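# Structural characterization, general
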Amino acid sequence: MKVLVVNPPAFNKKDFIREGRCMQTKSSWAALWMPLSLCYIAAVLRKDGHEIKLVDCIAEKIENNGLLEIFKNFKPALVVLNTAIPSIAGDMNTALALKNSDPGIKITIVGMFPTILEGECLKQFKQVDYAIMDEPEWAVAHLINAINEKNSPEHIKGLIFRKDDEIIVNERQNLSENNIDDLPFPARDLLNNNAYILPTNGKKFTLLSVGRGCSGNCIFCIANVYYGRSFRKRSAENVISEIEECVNKYDIQNFLFWGESFTTDSKYGEKICDEIISRNIKIAWSTTSRVDTLNQNLLEKMKKAGCILLGLGIESYDQGVLNIARKGITVEQIDRAVSMVRKAGINSMGHFVFGLPGDTKETAFKSINFACNSVDFAQFYCAIPYPKTELEIIAKEQKWIYDYNYSQFDLTTSVMRNEALSAKEIKKIRDFAYRKFYFRPKMLIKTLREVRSLKSFFSILNFISWIKPRNH
Ligand code: SF4
């Protein structure tokens, strides 16, 4: 079967990254991510003998009209469309344009939107025929094989579909049965890999999945809704083979090791580092971690294996806020983690959230001061009451949410208040935090030192323009 796999065009002139829990604009990272999940889907379907075309409209700067041209020329039987909550209006416009162009086309959506909205997404959007809840690779493959062989999709876990006028929501997937090592490597050959570059050095970079899932219970997070509550790691051998493929076949030396926390299983992290070191693979990489799963030995190995930046889930530097958010960490663990990362010679990137329950002006400024004095880089977000999170339940009960417009759910805008701060104040604090952190002379010099090309300069300008305050 011919299948067109699509990362939809920019929405509201914003280039969105749609990768599981990460649903932000490109400018928030100053770099465009390759569509990892879509590459996995393409690889799985190709392995099953289907003819695949993968189009990343964001990377290729393709609008709906351009996509329709590709669609008409390729003549697929089915389209797989990625979605994200803040870009859903644009994503559904793309689905509608495809459907209007060929009413017989079957459209399947994947991503966080159907995972969270379940049957509601087919009810709201008549142009969608199928939707996948949770990670998509296995369910999409089962669906396409069922359609190809004219079998009923009723047994496919994680699938939502239409049967006459009814919307059927199948049983959720049992994610522990999905062994990531069984997946072929992502089909990077179907992408223009030169489109994904690091802003600072202009070099190609890619995402590489090391494991999925998180057992954390943070009240604001949707990661475990999508990837499950236990950390499913790939074998170290499988990860290393993919790294080597990226280096040797695609000439990519820069990586984001994508997962909820690289250090969840420190022995596993060490094993990957040991292999990179012993095989003398020369790469630079970044990844993310909880602050309570680090140790000095692992960090030293990470540094030796090429880790240059470690993202730390700090969220708040106030113990009361951390407790209410059920982050399961202490400020002492934050201090310890930051100093261990520094000692290892790795740059730290602190991630902070403003407007969680219990957050006040005082606690927010505690976090900002901590960021300025402790971490090398920082990302500041507004708390978002994503559907199916405990934060949403609390915010609904307290009548804190003032704007249910999903296009505002991109972490840069506050759509809710809390006990102490209005939505406007939360947004103001977040914008102030960026200005305070990045417009310090020390940071400006550091950033300019990193700039190696004109292209990098414009990427950084783009990042700075994103930092500037905007009105609601
Ligand atoms: S530890 Fe991180 S990934 Fe896990 S639930 Fe908390 S915020 Fe989400």
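Remember, it's a predicted structure, so these values are computed and weren't measured experimentally.

### Observations concerning the nonpolar core
With 104 residues, the main nonpolar core has V79, V80 and I85 as its most contacted residues. With nine residues, the top contributor of residues to this core is helix α2 (residues 36-47). The two domains that each donate at least three residues to this core are domain 1 (2-177) and domain 2 (197-467). In this structure V80 touches V3, L4, V5, V6, I41, T108, V110, V140 and I144, once residues within four positions along its chain are discounted. The next biggest cluster of nonpolar side chains, apart from the first, holds 63 residues, and it includes V247, F257, A337 and V341.

### Observations regarding helix α3 (residues 64-74)
Buried residues of α3: L67, L68, I70, F71 and F74, and no others. The buried residues of α3 occupy an angular sector of 160 degrees when projected down its axis, which confines them to one face. Away from the buried face of α3 by more than 90 degrees, exposed residues N65 and N73 are located.

### Overview of the sheet that holds strand β7 (residues 130-132)
A sheet is described by the order of its strands in space; here seven strands give the open sequence β4-β1-β5-β6-β7-β8-β9, paired in mixed fashion. Edge positions in the open sheet fall to β4 (51-56) and β9 (166-169), since each of these has one partner strand only. Neighbour-to-neighbour, the strand axes of the sheet open up by a mean angle of 20 degrees, direction not taken into account. Where strand β1 (residues 2-7) lies against β4, six bridges are found, and the strand directions are parallel. In the strand pairing of β4, V6 is matched with V55.

### Observations regarding the site of the ligand
All residues adjacent to the ligand are C214, G216, C218, F220, C221, A223, E260, R290 and K327. Considered class by class, the residues forming the shell around the ligand number five nonpolar, one polar and three charged.

### Considerations on the side chain of N82
Within the secondary structure layout, N82 lies in strand β5 (residues 78-83). A polar atom in the side chain of N82 sits 3.1 Å from the backbone oxygen of R18. N82 has contacts with V6, N7, P8, R18, L38, D91, V110 and G111, leaving out every residue within four places of it along the chain.

### Some points on the domain arrangement of the protein chain
Domain boundaries assigned for the protein chain yield domain 1 (2-177) and domain 2 (197-467). For domain 1 and domain 2, the distance between their C-alpha centroids amounts to 26 Å. Tallying the contact residues gives 39 residues for domain 1 and 36 residues for domain 2. Counting the surface lost from both domain 1 and domain 2, the interface buries some 3200 Å², and carbon and sulfur atoms represent 61% of this. Among the salt bridges present, the one from R212 reaches E135, with a minimum N-O distance of 2.9 Å. Scanning the region where domain 1 abuts domain 2 turns up seven residue pairs in polar contact (both at pLDDT 80 or more). Elements supplying a minimum of two residues to the side of domain 1 that touches domain 2: β2 (16-19), β3 (22-25), α1 (26-29), α2, α5 (112-117) and α7 (137-148). At five residues, α5 tops the list of elements feeding residues into the side of domain 1 that touches domain 2. Partitioning the side of domain 1 that touches domain 2 into residue classes produces 22 nonpolar, nine polar and eight charged.

### Re the packing of helix α9 (residues 236-250) against helix α10 (residues 266-278)
Direction vectors running N to C along α9 and α10 enclose 40 degrees, while the axes themselves pass 10 Å from each other. Considering their axes alone, α9 and α10 lie oblique with respect to each other. Here α9 runs over α10; the crossing is right-handed. Residues A236, E237, V239, I240 and I243 of α9 lie in contact with α10, whose contacting residues are Y268, K271, I272, E275 and I276. Among the residues making up the contact of α9 with α10, the classes are represented as seven nonpolar, no polar and three charged.

### A look at the sheet that holds strand β13 (residues 254-258)
Strand order across the open sheet formed by six strands is β10-β13-β14-β15-β16-β17, with parallel pairing between neighbours. Two strands close off the open sheet at either side, each with one partner strand: β10 (205-209) and β17 (377-382). Shown here is a sheet whose adjacent strand axes are inclined to one another by a mean of 20 degrees, direction ignored. Alignment of strand β16 (residues 347-354) against β17, held across six bridges, turns out to be parallel.

Reading the values: the criteria
Residues numbered from 1 in each chain as written. Predicted model: local features only at pLDDT ≥ 70, side-chain atom pairs only at ≥ 80, totals over all residues. Heavy atoms only, no water. Core = buried A, V, L, I, M, F, W, Y, C linked by side-chain atoms within 4.5 Å. Buried < 20%, exposed > 50% of the residue type's maximum accessible area, 1.4 Å probe, protein only. Helix = DSSP H or I, 4+ residues; strand = E, 2+ residues; numbered from the N terminus. Domains from an automatic or database assignment. Contact = heavy atoms within 4.5 Å. Arc of directions from axis to C-beta. Pairing = 2+ DSSP bridges. Axes fitted to C-alpha atoms, helices over the stretch in contact; angles between N-to-C directions. Near = heavy atom within 4 Å. Nonpolar A, V, L, I, M, F, W, Y, C, P; charged D, E, K, R; others polar. Polar contact = N/O pair within 3.5 Å; in protein donor to acceptor, adjacent residues only side chain to side chain. Buried area = accessible area lost by both parts, 1.4 Å probe. Salt bridge = Lys/Arg side-chain N within 4 Å of Asp/Glu carboxyl O. Parallel < 35°, antiparallel > 145°, perpendicular 65-115°, else oblique. Left-handed = near helix turned anticlockwise from the far one by under 90°.

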